[in-house]
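What the coordinates show
Each chain, written out:
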Amino acid sequence: MLRERVKHILQQGREGQSVTVRAWVRSKRVSKNVAFVVVNDGSSQRDLQLVVDANNPSFGKLEEVSTGAAIRVDGVLKKSEGKGQDWEVHVDKLDILGGCSDDYPLQKKGHTLEFLRDIAHLRGRSNTFGAVYRVRNQLAMLIHEFFQGHGFQWAHTPIITASDCEGAGEMFQVTTLDLNQLPRDATGAIDFKQDFFGKRANLTVSGQLNGEAMALGLGDIYTFGPTFRAENSNTTRHLAEFWMVEPEMAFADLQDDMVLAEEFLRFLFREIVRRCPEELGFLGQHYKNMTPEQIADLGEHAFGRISYTEAVKELSAAKVQFEYPVSWGIDLQTEHERYLTDTVFQKPVIVTDYPKDFKAFYMRLNRDNKTVAAMDVLVPRIGEIIGGSQREDRIDVLRQRMMDVHINPDDLAWYMDLRRYGGCPHAGFGLGFERLVQYVTGMANIRDVIPFPRFPQGVAF
Ligand code: 4AD
Ligand code: MG
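Since we're looking at a predicted model, the values are computed, not measured.

Looking at the sheet that holds strand E3 (residues 48-53)
Pairing between the strands of a sheet comes from backbone hydrogen bonds, and it takes one of two forms, parallel or antiparallel. With respect to topology, five strands assemble into a closed barrel ordered E1-E2-E3-E5-E4, the strand pairing being mixed. Taking the axes of each pair of neighbouring strands and ignoring which way they run, one obtains an average angle of 55 degrees across the sheet. Looking at chain direction, strand E2 (residues 34-40) and E3 are connected through six bridges and run antiparallel. If you follow Val34 over to E3, its bridge partner there is Asp53.

Some words on the environment of Gln11
Note that Gln11 resides in helix H1 (residues 6-12). Residue class for Gln11 comes out exposed when judged on its relative accessible area of 53%. Separated by 112 residues in the primary sequence, Gln11 and Arg123 place their C-alpha atoms 25 Å from one another.

Describing the side chain of Gln85
Counting through the fold element by element, Gln85 comes out in the loop between strand E4 (70-79) and strand E5 (87-98). At 2.9 Å, the side chain of Gln85 and the side chain of Ser80 are in polar contact. In this structure the side chain of Gln85 is engaged in a polar contact, spanning 3.4 Å, whose partner is the backbone oxygen of Lys83. Beyond its immediate sequence surroundings of up to four residues, Gln85 is in contact with Gln49 and Ser80.

Things to note about the domain arrangement of the protein
Under the domain assignment used here, the protein contains domain 1 (6-98) and domain 2 (124-170 + 205-448). For domain 1 versus domain 2, the separation of C-alpha centres amounts to 45 Å. At the junction of the two partners, domain 1 supplies nine residues and domain 2 supplies eight residues. Counting the surface lost from both domain 1 and domain 2, the interface buries some 730 Å², and carbon and sulfur atoms represent 26% of this. Joining domain 1 to domain 2, the criterion identifies one salt bridge.

What counts and how
Sequence order as written defines the numbering, with residues in each chain counted from 1. Chains and ligands are labelled by the order in which they are written, letters from A for the one and numbers from 1 for the other. In keeping with the model being predicted, local features are shown solely for residues with a pLDDT of at least 70 and side-chain atom pairs are shown and tallied solely at 80 or more, while totals for entire chains, interfaces and linings include all residues. Excluded from the side-chain calculation are hydrogens and water; included are all heavy atoms of the structure. If DSSP finds at least two bridges between two strands, the strands pair. Every helix listed is a DSSP run of H or I at least four residues long, and every strand listed is a run of E at least two residues long, numbered separately from the N terminus. Axes here mean lines fitted to C-alpha atoms, for a helix over just the part in contact, with angles spanning 0 to 180 degrees between N-to-C directions. The buried label applies to any residue whose accessible area, calculated with a 1.4 Å probe on protein chains only, is under 20% of its type's maximum; exposed applies above 50%, and partly exposed to all values in between. Counting of polar contacts relies on pairs of N or O atoms within 3.5 Å, with two restrictions inside protein: one atom must be capable of donating a hydrogen and the other of accepting it, and residues adjacent in sequence are counted only when both atoms are side-chain atoms. The criterion used for residue contact is that any of the two residues' heavy atoms lie within 4.5 Å. Note that domain bounds follow an automatic or database assignment of domains. By convention, the term buried area covers the 1.4 Å-probe accessible surface removed from two parts as they join, with the contributions of both added. What makes a salt bridge here is a side-chain nitrogen of Lys or Arg within 4 Å of a carboxyl oxygen of Asp or Glu, nothing more.

Quick look at the structure:
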């Protein structure tokens with residue numbers, strides 16, 4: 001008999017069907033004549049109830065069937081007369097695959113998210129994290145579906161790199177040098193020629209630069225992989241290791257980029273509700289998240305649009321007191337972003353044409369010489385989830401911008417080549433995957449939407 005997934009049984013079960021279930025025990029209730037064991041195998045938000053008759057030889061084993069144990073059951077599926085479930089399995093045979101010590105930390109009572117974060121190796125067995133991880137999985141699949149459906153090709157860009165895409169110097173270094181005995185050159189500086197790659201290398205902060213090279217050959221591409229930032233920010237929105245989705249389009253400008261970003265997110269909002277209705281229902285009920293209907297509804301409406309300059313006017317006119325004062329030229333802080341989404345627009349909003357001074361070197365300079373063809377997508381409660389731009393395709397302007405921010409164009413000669421050999425207008429963006437999962441699931445802390453989060457002083461599990 002094949003193992004049946006609980007999700008499958010609950011969706012497509014037939015009265016009288018024989019089933020084999022392998023799952024973990026959530027709870028157990030034993031009385032004189034009968035015992036009820038509630039199990040879950042991770043496939044479904046809903047649990048499955050098992051019924052063991054006192055006459056059954058397996059009844060004696062129930063002593064060891066404690067919360068957390070892994071069991072295997074053969075039985076028959078029947079419509080349930082009890083409250084709370086449609087189906088139950090009447091057990092013929094029960095085996096314990098793995099018992100569970102009685103110090104198992106996940107008991108039936110609700111636990112705080114902070115407590116569960118300390119047992120990240122076990123939290124996937126809780127209702128909350130089961131829901132979050134299933135939503136995360138489905139969002140990842142939908143991302144591929146969207147891009148593949150639009151003719152974009154998935155490009156694999158390197159994780160180890162010698163360039164700093166965002167120019168922010170927030171990189172983790174990769175080296176095989178002996179840190180206790182660093183080789184020195186004639187001037188006394190560390191001799192990276194002796195390092196594994198013959199030069200300094202680091203973990204990538206973004207796949208974009210390689211993504212541009214791929215787009216300027218394949219047309220439309222996207223990357224989807226892990227990225228790393230050594231920002232020392234202990235916030236609810238930052239991770240040291242996070243996943244990014246980066247589409248890049250040849251023959252496209254900022255307008256095309258915004259259209260793509262909006263279509264993409266609205267598709268995800270509509271479709272995730274169809275894929276994970278029970279998970280999102282559960283999260284909506286327990287975490288003051290949007291209801292599934294509200295999430296789907298986000299997909300039905302146009303996002304707000306505003307330029308940075310107009311946004312600064314809105315913020316300056318606001319009646320609230322911001323911690324960081326607003327004037328033209330400042331980088332928008334989370335409190336400003338949230339004022340725009342939560343108060344002014346009350347929906348996702350795209351902010352465009354930021355001052356060049358705090359944006360990356362690769363963004364296309366606008367005609368005013370002060371702003372760049374950039375766009376950020378902000379969503380309520382979270383702020384920025386997408387950052388993107390049209391790329392600077394004029395080699396002279398690019399070279400000047402690099403020199404202005406102390407990046408040596410010679411170090412990125414291959415990137416400059418893309419402007420010399422059939423360069424063209426092109427644009428793209430990066431979606432922070434965990435921020436998307438955070439928005440959709442309603443989790444307040446980004447550390448609760450990735451199974452094993454990495455952050456300053458945090459590399460457990
Ligand atoms: O705005 P960012 O820095 O843009 C880039 O990296 C571009 N190269 C993207 C591109 O145009 N191809 O990062 C993109 C997104 C942010 O909007 C945010 O959602 C997320 O990545 N992000 C983080 N998410 C979690 N933890 C962090 N430390 C993050 N830093 C950025
Ligand atoms: Mg950004």
